[in-house]
Amino acid sequence: MRLLILSVLCFLSGALQAAQLPFAVLPGGAMVFKQVESVRERRFSNLVEQKTDFSCGAAALATILREAYRFDVDEAFVINGMLAGADHELVRTQGFSMLDMKRYVENLGMRARGYRVPAAGLVQLKVPAIVLQEVRGYKHFVVLQRTQNGWVYIGDPVLGHKRYRLDDFLKGWNGIVFAVIGREYDKANALLSPPEPLTARDRLNAFQPVKDAELMDYGFIQSDFF
C-alpha cells in the first residue's frame with residue numbers, strides 16, 4: 001500500500017498539465033479517472049501568458065480578444081500585428097503603448113476607448129479592460145476583470161490570476177481603463193468571473209451577464225449586438 005501511495009504522489013508531483021489521473025477504488029481494485037488541474041494551469045486559466053520582456057500589452061490584448069470575442073489569437077499573433085504599425089526601437093526599449101493597441105484593434109474593424117474612471121466607479125465596470133499598473137517603478141499592462149467587495153481581480157500576463165485590495169491597487173494605477181469594443185462580444189465571458197484564490201475563505205457572488213443597455217455606457221452601439 002505504501003508503494004502504491006508513493007507512486008501516485010510521485011506521478012502527481014511530476015504532472016505539469018491537466019490530465020486524467022487513475023485512482024484505485026475498493027473493493028476489487030477498480031480504477032476511476034478524475035480530471036486534475038495543476039496549480040500553474042489554474043493560475044493562468046483563460047489568460048494568455050506573457051513570453052517576452054516587452055509583450056505584456058500584447059498578452060493582455062490577446063486575452064481579451066480570445067476570451068471576450070472568441071478570436072483565435074495568441075501573444076505572438078498580436079505582437080506581429082502591432083509591430084506592423086509601431087516604432088520597433090521604441091517597442092524594444094519601452095514595450096507597446098495603448099496607442100499601439102488602439103491602432104491594432106481598429107485594424108481588426110473594432111473600436112478601442114480609454115476612460116478615466118474614479119476609484120468608486122471601478123465596481124460599476126461591466127467589461128474586462130486593460131489597465132496599466134506601476135509596481136516599484138515597473139509599468140505593466142494587465143487585464144482588469146472585475147471589482148467586488150473591496151477586491152480588484154486582475155489577470156496578470158506574468159503572475160496569472162491575482163486579486164488586490166482596492167486601496168493597494170489604486171496606489172499603482174493611473175486611473176485609466178482601456179476597453180475593446182465590437183460585435184459578437186460575449187457578455188458572459190470567463191474573464192468576468194475569475195477563479196477564486198486557492199486560499200479564499202469567501203466565494204464570489206454568482207455572476208449575471210451584463211445587459212445590452214449597460215454596455216452602451218462603454219462605447220457599444222446597437223449594431224454590435226446583431
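- An unreviewed UniProt entry lists the protein chain under the name Peptidase C39 domain-containing protein, from Pseudomonas linyingensis.

1. What about the pairing of strand E5 (residues 138–148)?
And then number 1: Within E5, 9 of the 11 residues are buried, which leaves it mostly tucked inside the rest of the structure.
And then number 2: As defined by bridge partners, strand E4 (residues 129–135) adjoins E5 across 7 bridges and the pair is classed as antiparallel. Paired with Leu 132 across the bridge in E5 is Phe 141.
And then number 3: Between the end of E4 and the start of E5, which pair antiparallel, lie 2 residues, with Arg 136 showing a positive phi angle near 55°.
And then number 4: The sheet contact formed by E5 and strand E6 (residues 151–156) spans 5 bridges and is antiparallel. Residue pairing for E6: Thr 147 is matched across the bridge by Val 152.

2. Observations concerning the pattern of salt bridges
And then number 1: Within the structure shown, the criterion is met by 7 salt bridges.
And then number 2: Arg 70 is the salt-bridge partner of Asp 186, the closest N and O atoms lying 2.7 Å from each other. Of the two residues, Asp 186 sits in the loop between strand E8 (173–181) and helix H8 (212–215) while Arg 70 sits in the loop between helix H3 (56–69) and helix H4 (75–83), which places them 116 residues apart along the sequence.
And then number 3: A salt bridge links Arg 92 to Glu 89, with the nearest nitrogen and oxygen atoms 2.5 Å apart. With Arg 92 and Glu 89 both in helix H5 (residues 88–94) and 3 residues apart, the pair spans about one turn of that helix.
And then number 4: Overall, Arg 92 belongs to the exposed group, its relative accessible area being 56%.
And then number 5: A relative accessible area of 45% places Glu 89 in the partly exposed class.
And then number 6: Each member of the salt-bridge network shares a partner with another, and the members are Arg 66, Glu 67, Arg 70 and Asp 186.

So, how was this worked out
The residue count restarts for each chain, going from 1 along the sequence in the order it is written. Predicted model: local features are reported for residues with pLDDT of at least 70 only, side-chain atom pairs are reported and counted for 80 or more only, and whole-chain, interface and lining totals are derived from all residues. The basis for the side-chain values is all heavy atoms of the structure; hydrogens and waters are excluded. Only protein chains enter the area calculation, which uses a 1.4 Å probe; residues under 20% of their type maximum are buried, those over 50% are exposed, and those in between are partly exposed. The helix count covers DSSP runs of H or I at least four residues long, the strand count covers runs of E at least two residues long, and both are numbered beginning at the N terminus. When DSSP finds two or more bridges between a pair of strands, those strands are recorded as paired. Salt bridge, as used here: a side-chain nitrogen of Lys or Arg that lies within 4 Å of a carboxyl oxygen of Asp or Glu.

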